[in-house]
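Residue strings, one per chain:
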There are 4 protein chains.
Amino acid sequence: MNVDIKSKFKGVISVIGASEIDKKIEELTFEIGRLLAKNRFIIACGGLSGVMEAVCRGAKEENGLTIGIIPHTKKIMANKYVDIVIPCPFSQARNIVVVLSGDACLAISGKAGTLSEICFAWIYQKPIIALSSVKGWSSKIANQKLDNRREDIIYGVETPQDAIDKLNELFE
Amino acid sequence: MNVDIKSKFKGVISVIGASEIDKKIEELTFEIGRLLAKNRFIIACGGLSGVMEAVCRGAKEENGLTIGIIPHTKKIMANKYVDIVIPCPFSQARNIVVVLSGDACLAISGKAGTLSEICFAWIYQKPIIALSSVKGWSSKIANQKLDNRREDIIYGVETPQDAIDKLNELFE
Amino acid sequence: MNVDIKSKFKGVISVIGASEIDKKIEELTFEIGRLLAKNRFIIACGGLSGVMEAVCRGAKEENGLTIGIIPHTKKIMANKYVDIVIPCPFSQARNIVVVLSGDACLAISGKAGTLSEICFAWIYQKPIIALSSVKGWSSKIANQKLDNRREDIIYGVETPQDAIDKLNELFE
Amino acid sequence: MNVDIKSKFKGVISVIGASEIDKKIEELTFEIGRLLAKNRFIIACGGLSGVMEAVCRGAKEENGLTIGIIPHTKKIMANKYVDIVIPCPFSQARNIVVVLSGDACLAISGKAGTLSEICFAWIYQKPIIALSSVKGWSSKIANQKLDNRREDIIYGVETPQDAIDKLNELFE
């Protein structure tokens, strides 16, 4: 056994999005998880259902590594595709830890909770990639700035492969 | 001395906005603080500078009551118009406590931090009023919904008096 | 109406202890609340039952001011003697906010949660007074130091009046 | 590459202790880290110096897996033996996340911060092992109960091997 995380992986990506999703978003998210793992990115997420479960399931398909930061005290509450469970029983404040655990943030659809995570990613200076081909906050906010504190924008991407290409560009 | 808070006041309003503001926003915010106190609302805010200081300064002009929830460990860090200091040294998570301490939320201008607070107010089912006559997130988000979990919208208001009228309507 | 908190009160005392207490501790705690209010101290506490309720009930008997920092999102969860409710839905982390909101800490009996609060009061350099005449951590830890970072000790006191005398000495 | 965390490891142990330690405690902690990794336990800790660094350094000697939950926003603040950094910028509240991330808790020496973590481990029903052969809270609290909510005690152990034996017994 040799667990040399730092040399095996290029970085950690915080994947954020809603806990209830339709079939289309589930398939896109699964594909994103698969591609992230294949491209040697660790996944950090909220560890529950919806986007969080689909991205972990995709990652495990490629033997990726998944971290789930859950808003509960008991580790058993995480979805079964999470390798490392971090219980953070602080209600919406757990979203801050999800964002900070990544080296970049990838938003897929999402409601108000996802928008709060995009705000944190912006405030804490994480590069942000937003899927613009689905409904919800990831498309509404794509290619914009949240305020004038940063030079860059929230990068809109159309497809899972575009998201990976952008991440590979950022972490080459 | 008789401190009968519950019968003296109609409710607590979380006032949110940027820590750096121009003269125009400062004057509007001071007026909002003054009117809130005069109309027997307690003010909860982040306790620091900008909108947070101007609203407390306005409230104290009318002998109002102000609560400042600061992201530091030491109470001395609050602005001098805060009566009750609640240190909440949890970085951006302190914003959650600001929002939850109010019975409604009033947004004045604001950057990404304010937008995250609007998200929390939305998630935690607080009525939200947003000043639409100033730049920043309070005008961008006015008269919209953040997602479909609520029937109501973020109420846009033009002037300090409009904000008070709306609050009096909500808390009559 | 004139709410000049700063000139009316000498300081804020964080009162900590168990949420389930026997009749003897309830009476002692009520008396401590009454004396704190009479001596112009604001009370900060966890806002729920047991010591938290008894101390607020005592304080309101003398028209005192009470702050309840509760580990829930909804303000309605506080006991009815709390004037100002601060929801801090962060599980045990709410204990940190309870301790930091006071200028000193007063421990009455208590289990592991109270001991964690005594630890925080020690770490954040708050003077600590512990009732030594009742079972639980307040007597076990009285007249000791938690470690060598401070010169002072946790001051053991025998009666409610002794607690007030010590606080008056600290905040004269 | 195959990162099958769940089948490779027996559990996660939260290792807690002071950030400043003497040579003797450093050596004991390094040995504990080495043995934990060798016995297929993942290490969760506070990710900074002292006990946190020594246990991670020991674990990496045996190609173990280490998680560091740091009270800062920037991942770079973790010690260099941490594989997975979880930023939790919530002051002492980060200690809660350290404890909850483990399936059991192992205390080595320690001051008031470590005692607060022992309290959390007790409250959240984690088995607790305390090294009784060194100064500080791990020996003071060994073989005791913090209150009557649990049937078990804080298990005192004399040596690193005793600690591992106890953990193997708990997680066989």
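My aim in this report is to walk through the structure given alongside it, one point at a time.

What counts, and where the lines are drawn
- Residues numbered from 1 in each chain as written.
- Chains lettered and ligands numbered in written order.
- Predicted model: local features only at pLDDT ≥ 70, side-chain atom pairs only at ≥ 80, totals over all residues.
- Heavy atoms only, no water.
- Pairing = 2+ DSSP bridges.
- Helix = DSSP H or I, 4+ residues; strand = E, 2+ residues; numbered from the N terminus.
- Axes fitted to C-alpha atoms, helices over the stretch in contact; angles between N-to-C directions.
- Salt bridge = Lys/Arg side-chain N within 4 Å of Asp/Glu carboxyl O.
- Buried < 20%, exposed > 50% of the residue type's maximum accessible area, 1.4 Å probe, protein only.
- Contact = heavy atoms within 4.5 Å.
- Buried area = accessible area lost by both parts, 1.4 Å probe.
- Polar contact = N/O pair within 3.5 Å; in protein donor to acceptor, adjacent residues only side chain to side chain.
- Nonpolar A, V, L, I, M, F, W, Y, C, P; charged D, E, K, R; others polar.
- Least-squares fit on C-alpha atoms with pLDDT ≥ 70 in both.

With respect to the sheet that holds strand β6 (residues 128–131) of chain C
All names here are of chain C.
Next, step 1: Spatially, β4-β3-β2-β1-β5-β6-β7 is the arrangement adopted by the 7 strands of the open sheet, whose pairing is parallel. This sheet does not close on itself; its edge strands, each paired only once, are β4 (84–87) and β7 (155–157). Taking each pair of neighbouring strands and ignoring which way they run, the sheet shows an average axis angle of 25°.
Next, step 2: Judged from the 5 bridges that link them, strand β1 (residues 11–17) and strand β5 (residues 104–108) form a sheet pairing that is parallel.

Examining the pattern of salt bridges
Residue and element names in this part refer to chain A.
Next, step 1: Under the counting rule described, the total for this entry stands at 32 salt bridges over all chains.
Next, step 2: A salt bridge links arginine 34 to glutamate 31, with the shortest nitrogen-to-oxygen separation between them at 3.2 Å. Here the residue arginine 34 and the residue glutamate 31 both occupy positions in helix α2 (residues 23–38), the gap between them amounting to 3 residues, near one helical turn.
Next, step 3: Residue classification places glutamate 31 among the partly exposed positions, given a relative accessible area of 27%.

Re the interface of chain A and chain D
Next, step 1: Across the contact, 35 residues belong to chain A and 35 residues belong to chain D.
Next, step 2: Across the chain A to chain D interface the summed buried area is about 2900 Å²; carbon plus sulfur atoms make up 65%.
Next, step 3: Where chain A touches chain D, the interface holds 2 salt bridges.
Next, step 4: In this structure, the salt-bridge partner of A:Asp103 is D:Lys75, at a minimum N-O distance of 3.2 Å.
Next, step 5: If you look at where chain A meets chain D, you find 4 residue pairs in polar contact (both at pLDDT 80 or more).
Next, step 6: Of all the elements in the fold, those that place two or more residues in the side of chain A that touches chain D are α1 (5–8), β4 (84–87) and α4 (94–100) of chain A.
Next, step 7: Here the side of chain A that touches chain D is composed, by residue class, of 21 nonpolar, 6 polar and 8 charged.

Let's talk about the pairing of β4(A)
Residue and element names in this part refer to chain A.
Next, step 1: Alternating residues of β4 divide into Ile84 and Ile86 and Val85 and Pro87, and every residue in both groups is buried.
Next, step 2: Bridge analysis of strand β3 (residues 66–70) against β4 gives 4 bridges, and the strand direction is parallel. What sits directly across from glycine 68, in β4, is valine 85.

Details of the environment of A:Ile123
Next, step 1: Considering the arrangement of structural elements, one finds A:Ile123 in helix α5 (residues 112–123).
Next, step 2: On the accessibility criterion, A:Ile123 (13% relative accessible area) is buried.
Next, step 3: If we skip the residues at most four places from it in the chain, A:Ile123 touches A:Arg149, B:Gln92, B:Ala112 and B:Gly113.

With respect to the interface of chain B and chain D
Next, step 1: Taken together, the contacts link 5 residues of chain B with 5 residues of chain D.
Next, step 2: Where chain B abuts chain D, roughly 310 Å² becomes buried across the two surfaces, and 70% of that area is made up of carbon and sulfur atoms.
Next, step 3: When the buried surface of chain B facing chain D is broken down by residue, B:Pro89, B:Phe90 and B:Ser91 rank first, second and third, together holding 84% of it.
Next, step 4: Across the contact surface, chain B and chain D share 0 salt bridges.
Next, step 5: Taken together, chain B and chain D are joined by 0 residue pairs in polar contact (both at pLDDT 80 or more).
Next, step 6: Class assignment for the residues of the side of chain B that touches chain D results in 3 nonpolar, 2 polar and no charged.

A word on the relation of the copies chain A and chain D
Next, step 1: Once chain A has been moved 0.0 Å along the axis and rotated by 180°, it coincides with chain D to within an RMSD of 0.0 Å. The transformation just described matches what one would write down for a two-fold rotation axis.
Next, step 2: In this assembly the copies share their binding face: 100% of the residues contributing to the interface of chain A also contribute to that of chain D.

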